Amino acid sequence: MSAPTMRPPGRSGPPGQQGPPPPPTTGNELTSQQWSMTVTPVVAAVTTLCASLALAGVIDGLRFWGYAGVAVTVITAVGLGLRAVRTPILAVGFGQMFALLCLLVALFTDSAVLGLFPGPDSVAELGGVLRTSIEVVQTGVPPVEASPAVLCLVVVAIGLVAVLVDTLAVSAGTPAACGLVLLCVYAVPASLADQMLPWWAFVLGAISFAALLAVDGAHRHQQWRNRPTVQGTGGGVGSPAALVSGAVAIALFAGGTVTFIGTVGQLPGGQNGGGQGGLGLNPFTQLRGMLDQEGNVELFRVRNLGDEGRYLRALTLGDYNGNGGWGGANRLPNGVPADRPLPPPYGQENFGPSADTVEIEIEPVNSRDRWAPVFGNPRQMRDLPEGIRYDPVGGMLYGQDELTLPTYVEEADLSQPTAEQLRNARPAIPGDIDERYTFDDNINPRVRRLANELTAGRGSTFDKVEAIKDYFDPGNGFVYETQTATGSDEDALTDFLFRSKTGFCEQYASSMGILLRAAGIPSRVAMGYTAGFESGDYRSITTQNAHAWVEVFFPGLGWVQWDPTPLSDGTSYSPPYASESGSRGPEDDPENQQSRSPAPSVPAGPTQNPEDQRDDQAGAGANGGEQDNAPSWPWLTVFALTALSIAATVLAAAGRRRRLTVPLAAAGWTLTIVFAAAIVSWWLAALVVVLLIAAAPGLVRERQRLSRRHEVHTNGPSAATSAWAELLAESTDRGAEVNDTETVRVAARRLATEHELDDEGKQALRTVVSEVERSWYGGSTQSDPRLGKAFDTLITGMRRTDPLGWRARLVPRSIVRRRRAKARQSGR
């Protein structure tokens, strides 16, 4: 009685029945191998390049696309070349990544070996460029300039994406899985950009991805078109091209009618409008960044402001994140409707509204934002759209969505407290103001010491604020520049306060706000615009007037403005109480007359203690002390791991102690990739770890396959056993397992039937079976030299007549079943 026949899903007919032979191919048709080695890689490269256009939403211009094209071209060319010489799959991927590293050091460093190959100096130099690029990502406001650091990051990101797409589409034969990788290319800029990504980036990406799926579908359709179909089916629901075309049509229809993310105002024909030009303030400011000035574009025209050089406030940021940066609340405040008389600002119980107000006309020109900027304290607003609300605590007028505002009128209260009123105000205590305005966790100890030294002996909050403001005087070495100097990556705040002292309004305002918090004074950062310049009957405010300053809370008097930035264009505003502040300093306080000597008019800054001096000396870089020498040990570790991995790979390829060198090479390359990713970003390292875990079964199976093939070709005593074990594993991966009770000949007949081997494959199977029987039952210890060639021919024939699907490649059944069997045995 013959053993039961196990059949893979989708096969029809009796076990021994063979389908009709495939028709002969013409000379113009590409073979399966030619197709997978030429057409699919090229289409995959085009798909990656089209997806990279999504970066146009966060990078200015299209210069970056040329660099992305170079990276994709190099990756594709290396892959084509390595596959042409039958390089193993893992080696192809590593070769592509090494080529990417060579490209990076050639483009962005001056110390590459022979101008192309990485060395210790070039790797360290490349690490500095990458650190700068990460800083741009963390602090820049999209769209950022296509600087060398940004272009380097583009080459790294798109190059790695190209490697993954090429591996999935060509090596693994699963182009559909590339969709997840390409989705990440769109997700990253979509999360960074304030505006939605260009619609054409999505259209080109969808078309190219559809082409990749269509090419793969046509390839598979050509392979299987002459195979018998399952009884009861009509041969499928349509060609792959038809399915892809229908999916793209549905996606474009949905994107043009119902989607709310992903394109600028939806696709053409959508009903949400959008896509209108306009500039606005980004509600986010950080010590290492700059305000979104976006060229010199006129934003507002203000009438009836008179000679008042007051600042136009758009929003306030009260949340200090503990790392030198400021931000707004996680959600917009409730506020009150702005279409009625507005309540007085929070905390002005002792400073009532003035009876005199000014009607100021504000005409937005190219501004598109959710904030409606105002001067002073708004009493009532006119001509604003419905839905605009007013937050008396934050002093902001806002809408739920970005919009282009019409010309509106503000009835403004421009009155301000005097220096005497501010000096007599009591210090703030818990309960006076929301604790978010006093949060001071994680402030650097050096900053706290500086705040304490500056405010020591100052009797009032007003005098303390003035002392902190005076620290930023140009006489103390501070320089106003719109291009911020690169400082310590570890703490940009201390770099600006103690070393570089170079920056502009955002650095000044952020630093003063943090010093005030360290001194126990409630503070926040305000963003808006200076008053601009007179132009006929109005004042013109442009993007060059974008500005940030500090507001300090005084109980009973509310929020009061201070600006530490020494603007060079003459648009800075000095309130009357600031000019009155010199009438009474700490030396006039009776409590301090005997303990303090008169302070210099321009403070030179507190004397640093020896510990701080050592920190500054250690942090001073080669560029005049403006840049720290970042630690090089992480990149040296990556370089050492790379060298170790290359050495292990070479030894494994030479056949020396493969049981040791192959695992060592695999572990070395894994650690290299994970460690390099961790240097760039923790989330990138996490993504690499997740991908490696997902690919672990397939990698183990590939390692097993290579090891057995090596044993077969060495013609050792275990060559026949390894050949038979690999043959059974290949069959199990395809869904046809061999029963342990079957003889070698019975199992071989089943394998030939199940996998529909052609004549060449059957002949190779006979040779393998004969050698297995001679080794097992004949007592022979020397393998037939023909075994290696027959084994390769048999495996190639099986892959040709019964190719593996993508699931079987990623999660091989032979690995899963073996692990389960071991688990059952250990549980008994």
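Up top you'll find the structure we're talking about.
Everything numeric here is computed off the predicted structure, so don't read it as measured data.

1. As for the packing of helix α20 (residues 744-754) against helix α21 (residues 759-777)
For step 1, the next point in the chain: Relative to each other, α20 and α21 sit at 160 degrees, their axes nearing to 10 Å. On the basis of their axis angle, the class for α20 and α21 is roughly antiparallel. The chirality of how α20 crosses α21 is right-handed. Contacts between α20 and α21 pair Val744, Arg745, Ala748 and Ala752 from the former with Leu765, Val769, Val772, Glu773, Trp776 and Tyr777 from the latter.
For step 2, the next point in the chain: Within the contact of α20 with α21, the residues separate by chemical class into eight nonpolar, no polar and two charged.

2. Concerning helix α2 (residues 63-84)
For step 1, the next point in the chain: Its 22 residues place the ends of α2 32 Å apart at the C-alpha level, agreeing with the 32 Å of an ideal helix rising 1.5 Å per residue.
For step 2, the next point in the chain: Taken as a whole, α2 has its buried residues at Phe64, Ala68, Gly69, Ala71, Val72, Ile75, Thr76, Gly79 and Arg83. Along α2, the residues classed as buried sweep out an arc of 170 degrees about the axis, all on the same side. Residues Thr73 and Ala84 are exposed on α2 and point more than 90 degrees away from its buried face.

3. A short note on the side chain of Asp432
For step 1, the next point in the chain: Along the polypeptide, Asp432 turns up in the loop between α9 (419-424) and α10 (445-455).
For step 2, the next point in the chain: Under the relative-accessibility criterion, Asp432 is labelled buried at 16%.
For step 3, the next point in the chain: Within the structure, the side chain of Asp432 is placed 2.8 Å from the side chain of Arg426, a separation counted as a polar contact.
For step 4, the next point in the chain: Once residues within four sequence positions are removed from consideration, Asp432 is found in contact with Tyr346, Arg426, Pro427, Phe553 and Pro555.

4. Thoughts on the side chain of Gln96
For step 1, the next point in the chain: With respect to the helices, strands and loops of the structure, Gln96 is situated in helix α3 (residues 89-108).
For step 2, the next point in the chain: By relative accessible area, which is 0% here, Gln96 ends up buried.
For step 3, the next point in the chain: Aside from chain neighbours lying at most four places away, what touches Gln96 is Ile75, Val78, Gly79, Val163, Asp166 and Thr167.

5. Quick word on the sheet that holds strand β3 (residues 312-317)
For step 1, the next point in the chain: One open sheet accounts for five strands, arranged β9-β3-β16-β19-β20; its pairing is antiparallel. Only two strands of the sheet have a single neighbouring strand rather than two, namely β9 (374-375) and β20 (558-562).
For step 2, the next point in the chain: In terms of strand pairing, β3 meets strand β16 (residues 523-529) through five bridges, oriented antiparallel. Counterpart to Thr316 in the pairing with β16 is Ala526.
For step 3, the next point in the chain: Helix α13 (residues 505-518) contacts β16, β19 (546-554) and β20 of the sheet and is inclined by roughly 15 degrees relative to β19.

6. Here's the deal with the pattern of salt bridges
For step 1, the next point in the chain: Under the counting rule described, the total for this entry stands at 30 salt bridges.
For step 2, the next point in the chain: Among the ionic pairs, Arg799 bridges to Glu730, the shortest N-O distance being 3.4 Å. Of this pair, Arg799 sits in helix α22 (residues 787-801) while Glu730 sits in helix α19 (residues 719-733), placing them 69 residues apart in sequence.
For step 3, the next point in the chain: As a salt-bridge pair, Glu771 and Arg774 come within 3.0 Å of each other at their nearest N and O atoms. With Glu771 and Arg774 both in helix α21 and three residues apart, the pair spans about one turn of that helix.
For step 4, the next point in the chain: A relative accessible area of 5% means that Glu771 is categorised as buried.
For step 5, the next point in the chain: Put simply, Arg701, Glu702, Arg705, Arg708, Glu726, Glu730, Asp733, Arg734 and Arg799 are held in one network by salt bridges that share partners.

7. Some thoughts on the environment of Ala790
For step 1, the next point in the chain: Locating Ala790 in the fold gives a position in helix α22.
For step 2, the next point in the chain: With 27 residues separating them in the primary sequence, Ala790 and Gln763 have C-alpha atoms 8.2 Å apart.
For step 3, the next point in the chain: Non-local contacts of Ala790, meaning those with residues more than four positions away in its chain, are made with Ala764, Thr767 and Val768.

8. Points about the sheet that holds strand β12 (residues 396-403)
For step 1, the next point in the chain: Here four strands make up an open sheet; going across it, the order is β6-β11-β12-β8 and the pairing antiparallel. With partners counted over all chains shown, the strands left at the sheet margins are β6 (336-337) and β8 (369-371), one partner each.
For step 2, the next point in the chain: The sheet contact formed by strand β11 (residues 389-391) and β12 spans three bridges and is antiparallel. Bridge assignment links Tyr390 to a residue of β12, and that residue is Leu397.

9. Re empty space enclosed by the protein
For step 1, the next point in the chain: Throughout the structure, instances matching the rule amount to six cavities of 30 Å³ or more.
For step 2, the next point in the chain: Its boundaries defined by the atoms lining it, the largest cavity holds a volume of some 350 Å³.
For step 3, the next point in the chain: Arg310, Arg313, Gly376, Asn377 and Trp559 are, among the 24 residues lining the largest cavity, the residues nearest its centre.
For step 4, the next point in the chain: Listing elements by their share of the lining of the largest cavity, those giving two or more residues are β19 and β20.
For step 5, the next point in the chain: The biggest single contributor to the lining of the largest cavity is β20, with three residues.
For step 6, the next point in the chain: Within the lining of the largest cavity, the residues separate by chemical class into twelve nonpolar, seven polar and five charged.

10. As for the nonpolar core
For step 1, the next point in the chain: Judged by nonpolar contacts, the single largest core of 48 residues is most densely connected at Phe472, Leu497, Phe554 and Trp562.
For step 2, the next point in the chain: Residues contacting Trp562, with those up to four places away along its chain left out, are Leu422, Phe462, Val465, Glu466, Lys469, Met512, Trp549, Val550, Val552, Phe554 and Tyr577.
For step 3, the next point in the chain: Counting 31 residues, the second-largest nonpolar core is a separate cluster that includes Ile59, Leu100, Val105 and Cys152.

11. What to know about a nonpolar patch on the surface
For step 1, the next point in the chain: Judged by side-chain polarity, Phe98, Val113, Leu114, Leu116, Phe117 and Ile646 come together as a nonpolar surface patch covering roughly 540 Å² of accessible area.
For step 2, the next point in the chain: With respect to the helices and strands, the residue Leu114 is situated in the loop between α3 and α4 (120-139).
For step 3, the next point in the chain: The exposure class of Leu114 is exposed, given its relative accessible area of 78%.

12. Considering the pairing of β19
For step 1, the next point in the chain: Most of β19 sits out of view: nine of its nine residues are buried.
For step 2, the next point in the chain: The alternating pattern of β19 places Ala546, Ala548, Val550, Val552 and Phe554 and His547, Trp549, Glu551 and Phe553 on opposite faces, both of which are buried.
For step 3, the next point in the chain: Of the strand pairs in this sheet, β19 and β20 are connected by five bridges, and their pairing is antiparallel. Bridge assignment links Val552 to a residue of β20, and that residue is Val560.
For step 4, the next point in the chain: Where β19 folds back on β20, the antiparallel hairpin that results is connected by three residues, among which Gly556 adopts a positive phi of roughly 85 degrees.

13. Examining α19
For step 1, the next point in the chain: With 15 residues, α19 should cover 21 Å at 1.5 Å per step; its first-to-last C-alpha distance of 21 Å lies within 8% of that length.
For step 2, the next point in the chain: Counted residue by residue, α19 has twelve buried out of 15 residues, so it is predominantly covered.
For step 3, the next point in the chain: All buried positions along α19 are accounted for by Ala719, Ala720, Ser722, Ala723, Trp724, Glu726, Leu727, Ala729, Glu730, Ser731, Thr732 and Asp733.
For step 4, the next point in the chain: Directly after α19, the chain includes Gly735, whose backbone phi takes a positive value near 95 degrees.

14. Looking at the environment of Leu405
For step 1, the next point in the chain: Position of Leu405 among the secondary structure elements: in the loop between β12 and β13 (408-413).
For step 2, the next point in the chain: Assessed through its relative accessible area of 8%, Leu405 is described here as buried.
For step 3, the next point in the chain: The spatial distance from the C-alpha of Leu405 to the C-alpha of Arg370 is 8.9 Å, given a sequence separation of 35 residues.
For step 4, the next point in the chain: With residues up to four places along the chain from it excluded, the contact list for Leu405 reads Pro364, Trp371, Ala372, Leu384, Pro385 and Ile388.

Rules and cut-offs
- Residues numbered from 1 in each chain as written.
- Predicted model: local features only at pLDDT ≥ 70, side-chain atom pairs only at ≥ 80, totals over all residues.
- Heavy atoms only, no water.
- Axes fitted to C-alpha atoms, helices over the stretch in contact; angles between N-to-C directions.
- Helix = DSSP H or I, 4+ residues; strand = E, 2+ residues; numbered from the N terminus.
- Parallel < 35°, antiparallel > 145°, perpendicular 65-115°, else oblique.
- Left-handed = near helix turned anticlockwise from the far one by under 90°.
- Contact = heavy atoms within 4.5 Å.
- Nonpolar A, V, L, I, M, F, W, Y, C, P; charged D, E, K, R; others polar.
- Expected span 1.5 Å × (residues − 1).
- Buried < 20%, exposed > 50% of the residue type's maximum accessible area, 1.4 Å probe, protein only.
- Arc of directions from axis to C-beta.
- Polar contact = N/O pair within 3.5 Å; in protein donor to acceptor, adjacent residues only side chain to side chain.
- Pairing = 2+ DSSP bridges.
- Salt bridge = Lys/Arg side-chain N within 4 Å of Asp/Glu carboxyl O.
- 1 Å grid on protein atoms, 1.4 Å probe; cavity = no way out; pocket = protein on both sides within 12 Å on 5 of 7 lines; lining within 4 Å.
- Points joined across faces, edges and corners; volume = space filled by probe spheres on them.
- Core = buried A, V, L, I, M, F, W, Y, C linked by side-chain atoms within 4.5 Å.
- Patch = residues over 30% accessible without salt bridge, like charges linked within 9 Å, V, L, I, M, F, W, Y side chains within 5 Å.
- Areas by Shrake-Rupley, 256 points an atom, 1.4 Å probe, with all protein chains shown as cover.

What is shown is where atoms sit, not what they do.
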